[in-house]
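Per-entry structural report
One-letter residues, chain by chain:
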Amino acid sequence: MSPAAPILIFDSGVGGLTILAEVRKALPQAPVIYAADFAGLPYGTKSEAEVAARVCGLLGRMAERYQPRLICIACNTASTIALGMVRDVLEIPIVGTVPAIKPAALTTKTGTIGLLGTGATVRQPYVDRLEAEFAADKHLIRHAADPLVPLAEAKMRGETLADGAVAQAVAGLCDHPQAQDLDTLVLACTHFPLLADELRAVFGQDIQLVDGAQGIARRIASLTQGQEFERAQDDFAVATGSTESLSALTPMLARHGLMRATQF
Ligand code: DGL
């Protein structure tokens with residue numbers, strides 16, 4: 001394998017940058033391509049069939065074009081729906097992002113955990129299995145918070161969020177009869193850590209926010225252990241959709257070491 005073979009990090013939008021940030025810390029020398037499916041965003045309100053078709057089709061084409069050494073699906077919605085299918089069709093390691101229920105269950109003190117994900121993620125049998133395996137003795141309250149996705153995208157474009165918008169998106173969880181027992185929130189969508197400050201303002205500064213980013217970076221480091229890395233060119237982003245959506249993101253992508261952005 002060429003030392004310049006990149007790690008491809010894929011999401012529907014900017015959420016996967018929360019994973020990229022941890023991958024950078026674990027593997028600063030690794031060449032990275034960040035891929036965003038803006039034309040398909042949001043995934044969380046789509047059907048399983050639509051998400052699976054988009055993700056399998058796009059990743060197949062991206063794997064062919066960029067010859068990555070590994071693909072990280074930095075999206076809980078895509079991973080809980082299509083991880084198995086993508087692994088079946090591609091012959092490189094695929095690392096998925098699934099709700100961090102295990103670490104949340106290990107650290108909660110009250111035993112009451114909130115899980116914020118997209119509508120598609122919170123209804124997945126994959127999440128049922130994680131809950132049964134790791135949190136059977138806990139109280140897991142799932143809440144679909146799809147409106148947080150465009151809010152995170154807007155924040156990354158430098159826009160100011162409307163007052164109360166984040167609170168409104170999570171009102172269903174705050175109004176739950178056991179909400180006062182919540183001490184831990186699983187951020188089961190990679191967009192949501194981008195709103196950590198806003199979520200703390202709603203749930204209180206003591207709430208523990210748990211996501212899988214560090215664990216995923218460790219997994220990628222372990223799967224690529226012993227491999228040579230050489231950055232032959234600047235890291236870059238590719239995206240489906242309009243060029244306007246990309247140009248608004250250029251400064252923020254540069255802060256993540258993605259020095260140019262092109263349409264896929
Ligand atoms: N970032 C994606 C996730 O982790 C979802 C955003 C979307 O709805 O497209 O689930």
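Structure shown above.
Bear in mind that the values here come from a model prediction, so they are computed numbers and not experimental data.

The rules behind these values
Residues numbered from 1 in each chain as written. Predicted model: local features only at pLDDT ≥ 70, side-chain atom pairs only at ≥ 80, totals over all residues. Heavy atoms only, no water. Pairing = 2+ DSSP bridges. Helix = DSSP H or I, 4+ residues; strand = E, 2+ residues; numbered from the N terminus. Contact = heavy atoms within 4.5 Å. Axes fitted to C-alpha atoms, helices over the stretch in contact; angles between N-to-C directions. Near = heavy atom within 4 Å. Polar contact = N/O pair within 3.5 Å; in protein donor to acceptor, adjacent residues only side chain to side chain. Nonpolar A, V, L, I, M, F, W, Y, C, P; charged D, E, K, R; others polar. Disulfide = S-S within 2.5 Å. Buried < 20%, exposed > 50% of the residue type's maximum accessible area, 1.4 Å probe, protein only. Right-handed = clockwise from strand over helix to strand, strands pointing away. Parallel < 35°, antiparallel > 145°, perpendicular 65-115°, else oblique. Left-handed = near helix turned anticlockwise from the far one by under 90°.

**Remarks on the sheet that holds strand 1 (residues 7-11)**
- Reading across the sheet, the six strands line up as 4-3-1-2-9-10 and stay open at both edges, with parallel pairing between neighbours. On the outer flanks of this sheet lie strand 4 (94-95) and strand 10 (260-263), each paired with one strand and no other.
- Relative to strand 3 (residues 70-73), strand 1 runs parallel, the two sharing four bridges. Across the sheet, residue isoleucine 9 finds its bridge partner in strand 3, namely cysteine 72.
- Those strands touched by helix 2 (residues 48-66) are strand 1, strand 2 (32-37), strand 3 and strand 9 (236-240), and its axis lies near 155° from that of strand 1.

**As for the site of the ligand**
- Residues in close proximity to the ligand total 14 residues, the closest being Ser12, Tyr43, Asn76, Thr77 and His191.
- For the ligand, a nitrogen atom lies 3.1 Å from a polar atom in the side chain of aspartate 11.
- Within the side chain of serine 12, an N or O atom sits 2.6 Å from an oxygen atom of the ligand.
- Of the residues belonging to the shell around the ligand, the class tally is six nonpolar, seven polar and one charged.

**Description of the sheet that holds strand 7 (residues 184-188)**
- The four strands lie next to each other as 6-5-7-8, forming an open sheet whose pairing is parallel. In this open sheet, the two strands that pair with only one neighbour each are strand 6 (139-144) and strand 8 (208-210). Each strand axis lies, on average, 25° off the axis of its neighbour in the sheet, ignoring direction.
- Taken together, the three bridges between strand 7 and strand 8 define a ladder with parallel strand orientation. Across the sheet, the residue bridging to valine 186 is valine 210, located in strand 8.

**Focus: the state of the cysteines**
- Counting across every chain of the model gives zero disulfides.
- Unpaired in this structure, cysteine 56 has its nearest cysteine sulfur neighbour in cysteine 75, at a distance of 13 Å.
- No disulfide involves cysteine 75; its nearest neighbouring cysteine sulfur is the one of cysteine 189, lying 6.6 Å away.
- Cysteine 75 gets classed as buried once you look at its relative accessible area, which sits at 5%.

**So, the pairing of strand 3**
- The alternating pattern of strand 3 places Leu70 and Cys72 and Ile71 and Ile73 on opposite faces, both of which are buried.
- For strand 3 and strand 4, the ladder comprises two bridges, and the chain directions are parallel. Along strand 4, the bridge assignment pairs isoleucine 71 with isoleucine 94.
- Note that the unit made of strand 3, helix 3 (residues 76-89) and strand 4 has a crossover that is right-handed.

**A short note on the packing of helix 2 against helix 3**
- Two elements in contact, helix 2 and helix 3, have axes separated by 9 Å at closest approach and are oriented at 60°. On the basis of the axis angle, helix 2 is oblique to helix 3. Crossing hand, helix 2 versus helix 3: right-handed. In this structure, helix 2 uses Glu48, Val51, Ala52, Val55, Cys56 and Leu59 to contact helix 3, whose residues at the interface are Thr77, Ala78, Ile81, Ala82, Met85 and Val86.

**Considerations on the side chain of threonine 240**
- Structurally, threonine 240 is set in strand 9.
- On the accessibility criterion, threonine 240 (7% relative accessible area) is buried.
- A polar atom in the side chain of threonine 240 sits 3.1 Å from the backbone nitrogen of phenylalanine 38.
- Separated by 2.9 Å, the side chain of threonine 240 and the backbone nitrogen of alanine 39 make a polar contact.
- For threonine 240, the residues in contact, after removing those within four places along its chain, are Ala36, Asp37, Phe38, Ala39, Gly40, Leu58 and Phe264.

Just geometry here; none of it tells us what the structure is for.
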